[in-house]
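Structure assessment
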Amino acid sequence: MLALRRHEKIAVEALYDMYSSSLYGVISRIIVDTAVAEDVLQETFVKIWHSFASYSTEKGRLFTWMVNIARNLAIDKLRSKDFKNQNKNQELEINVTFIDEQRNTVYKPELLGIKDLVQTLKADQKEILELVYFKGYTHVEAADELGIPLGTIKTRLRMAIQQLRKHFN
Amino acid sequence: MEDIKAYIESGILELYVLGDVTSSEKLHVEEMASQHPAIKAELDEIERSMELFAAANAVEPPAQLRDRVLNSLLTNFGDDNNFPTKHPQPVKENVIAMPAPKANGFYKYAFAACFALLIASVVALFSVYNKLQNANTQLIALNSTNQKFSSTVNFMDHQLSVYRDTSFKVIKLKGTAHLPNGLMLVAFSPAKKKVIIDMADLKMPANDKEHQYQLWAIVGKTPVSLGVFDKDAADNSLMKEMKSVPVAQAFAVTLEPRGGSINPTMDQMMVIGNL
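Residues numbered from 1 in each chain as written. Chains lettered and ligands numbered in written order. Predicted model: local features only at pLDDT ≥ 70, side-chain atom pairs only at ≥ 80, totals over all residues.

**Focus on the overall build of chain A**
Along the backbone of chain A there are eleven helices and zero strands. Mapped from its N terminus to its C terminus, chain A presents α and β elements in the order α-α-α-α-α-α-α-α-α-α-α. Across the 169 residues of chain A, 33% fall into the buried class. Contacts in chain A between residues far apart in sequence, at least 24 positions, make up 52% of those at least 6 positions apart. (Helix = DSSP H or I, 4+ residues; strand = E, 2+ residues; numbered from the N terminus. Buried ≥ 20, exposed ≤ 12 C-beta atoms within 10 Å, placed from the backbone. Contact = placed C-beta atoms within 7 Å.)

**Here's the deal with the overall build of chain B**
Looking only at helices and strands, chain B features seven helices and eight strands. Counting across all 275 residues of chain B, residues that qualify as buried make up 22%. Sequence-distant contacts in chain B: of pairs separated by 6 or more residues, those separated by 24 or more amount to 61%.

**Let's talk about the interface of chain A and chain B**
If you look at the interface, chain A gives 46 residues, while chain B gives 38 residues. Elements supplying a minimum of two residues to the side of chain A that touches chain B: helix H2 (9-30), helix H3 (34-50), helix H4 (62-79), helix H8 (113-120), helix H9 (123-134) and helix H11 (150-168) of chain A. Grouping the amino acids of the side of chain A that touches chain B by side-chain chemistry returns 19 nonpolar, 16 polar and eleven charged. (Nonpolar A, V, L, I, M, F, W, Y, C, P; charged D, E, K, R; others polar.)

**Details of the packing of helix H10 (residues 139-146) of chain A against H11(A)**
Residues and elements named next belong to chain A. Here H10 crosses H11 at 110°, and the two axes come no closer than 9 Å. Classified by the angle between their axes, H10 and H11 sit roughly perpendicular to one another. Contacts between H10 and H11 involve His139, Val140, Ala142 and Ala143 on the former and, on the latter, Leu150, Ile153, Lys154 and Leu157. When its residues are assigned to classes, the contact of H10 with H11 shows six nonpolar, one polar and one charged. (Axes fitted to C-alpha atoms, helices over the stretch in contact; angles between N-to-C directions. Parallel < 35°, antiparallel > 145°, perpendicular 65-115°, else oblique.)

**Quick look at the nonpolar core**
A:Leu23, A:Ile27, A:Leu41 and A:Val132 are the most contacted members of the largest nonpolar core, which totals 58 residues. When near neighbours in sequence (up to four residues on either side) are disregarded, A:Leu23 contacts A:Leu41, A:Thr44, A:Met66, A:Val67 and A:Ala70. Listed in part, the 24 residues of the second largest apolar core include B:Val195, B:Ile196, B:Ala248 and B:Ala252. (Core = buried A, V, L, I, M, F, W, Y, C linked by C-beta atoms within 7 Å.)

**A closer look at the confidence of the model for chain B**
Residue and element names in this part refer to chain B. Per-residue confidence for chain B gives a mean pLDDT of 82, with 87% of residues at or over 70. When pLDDT is averaged over each helix and strand of chain B, the minimum, 48, is found for helix H6 (residues 77-82) and the maximum, 90, for strand E7 (residues 250-257). Note that residues 80-88 has pLDDT below 50 and, in this model, two contacts with residues that lie over four places away or in other chains. Scored as a complex, the prediction yields pTM 0.47 and ipTM 0.72. (pLDDT = per-residue confidence, 0-100.)

**Here's the deal with the packing of H3(A) against helix H5 (residues 63-74) of chain B**
In helix packing, the relevant descriptors are the interaxial angle and the interaxial distance, both defined with respect to the helix axes. Packing of H3(A) against H5(B) brings their axes to within 10 Å, and their N-to-C directions diverge by 35°. For H3(A) against H5(B), the interelement crossing comes out right-handed. Of H5(B), the residues touching H3(A) (which contributes A:Glu38, A:Leu41, A:Gln42, A:Phe45, A:Val46 and A:Trp49) are B:Leu65, B:Arg68, B:Val69, B:Ser72 and B:Leu73. Across the contact of H3(A) with H5(B), the residue classes tally to seven nonpolar, two polar and two charged. (Left-handed = near helix turned anticlockwise from the far one by under 90°.)

**A few points about the sheet that holds strand E2 (residues 183-189) of chain B**
Residue and element names in this part refer to chain B. Pairing within the open sheet is antiparallel, and its eight strands lie in the order E5-E4-E7-E8-E1-E2-E3-E6. Edge positions in the sheet fall to strand E5 (222-229) and strand E6 (239-242), since each of these pairs with one other strand and no more. Across the sheet, the mean angle separating the axes of adjacent strands is 30° when strand polarity is ignored. For strand E4 (residues 211-219) and E7, the ladder comprises eight bridges, and the chain directions are antiparallel. Across the sheet, residue Leu215 finds its bridge partner in E7, namely Val253. (Pairing = 2+ DSSP bridges.)

**Remarks on the confidence of the model for chain A**
On average, chain A scores 74 in pLDDT, and the residues at 70 or more come to 72%. In the model, residues 99-112 of chain A has pLDDT below 50 throughout and makes 14 contacts with residues more than four positions away in sequence or in other chains.

**Thoughts on the environment of B:Ser244**
Residue and element names in this part refer to chain B. Mapping Ser244 onto the fold places it in the loop between E6 and E7. Each C-alpha atom of the pair Ser244 and Val195 lies 5.9 Å from the other, and the pair is 49 residues apart in sequence. Residues within four places of Ser244 in sequence aside, it is in contact with Lys193, Lys194 and Val195.

**Observations concerning the pairing of strand E3 (residues 194-198) of chain B**
For a regular strand, side chains alternate in direction, first toward one face of the sheet and then toward the other. Residue and element names in this part refer to chain B. Direction of pairing for E2 relative to E3: antiparallel, over a ladder of four bridges. Residue pairing for E3: Ser189 is matched across the bridge by Lys194. Counting the residues in the hairpin turn of E2 and E3 gives four residues, including Lys193, whose phi is positive at 55°.

Structure (structure tokens):
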């Protein structure tokens, strides 16, 4: 941590080795285009690097802070005008991708466990997690999208995460 | 405790972890977490779950991306390290001494060259001026010589015309007892009233400085002065025109004091001749 604060080379290498795959997993779930996803991962690390001073351990885990940076950058990219235009014709494909949530597990043997994980979640829990976590919806937007009350959204999100906690424990 | 439990179950902590809270909600959650260890523990659990969830969804990025990302960060090392450390950069010596201008030498030599040229010019000017003076002097001399020649030529023409002119009579004046060998030729033209004496063949002794020869015309019985002349070895003129007289029976020459006399000194008569 200290090494990171001092911007040491070894620190950023360690940081990358520890977290790049988790962050890239999230980013590539949001952005299908691998070239763009790679760009976003790079931007994420640059931003982490430059704004590291604003992170404090008291506010939470390092990964939470980092993954939120990655998600925000990825969602910004997804919503940015040029990217939207670029992907207009790919919209269907993206939807298909989102429907096939296990797409990555099919190709990545190391992620075989995800199938079990996803199966532990109920369909509505998966749905809300998908919208908020991977599509960048706020819970308010998700409530609109799904046509359900805000409180229900919050409860479902909480249940989904509770389910994950149970699974990992 | 009930409040805390309700707070936990409200779902706000999950939204907080997902970053889906307003800044005031965020501050509130952080405050609650710092006050209530249960909330802090709950947050930690949620975060850990999401981290594990992400790890479970992890996708290994392409290997070459590692170098790309690290390089893009490392290229910024210099900037990032310099930014917080406020060691003042040693001020670069931007002022570079200009090479000593070599034009000075050039001007010195140019000045010397100009000065030398000036002196040479003055010398040349003097030489040319002297030559010009010489040339002018020579030109004047030549001119005077030329004039002399032209006047001589004119005079000779004049003298020649005397010989050609048939109206002139040449009278031989022969020496008297004073000068037995004396001889003088006088050309006389009554029509033109001119009397010219021949100096070249004048056979008379040279006169001294106190005396001059005087030519007389005898008109009737009266001698008339026709002017004085010198017998001078240096004088190489051929003829001399004397005062005019219309008629004369005889011509005579006497030796008189310089300037001539009104009446001839008869005992000093040198030559005489009748028409």
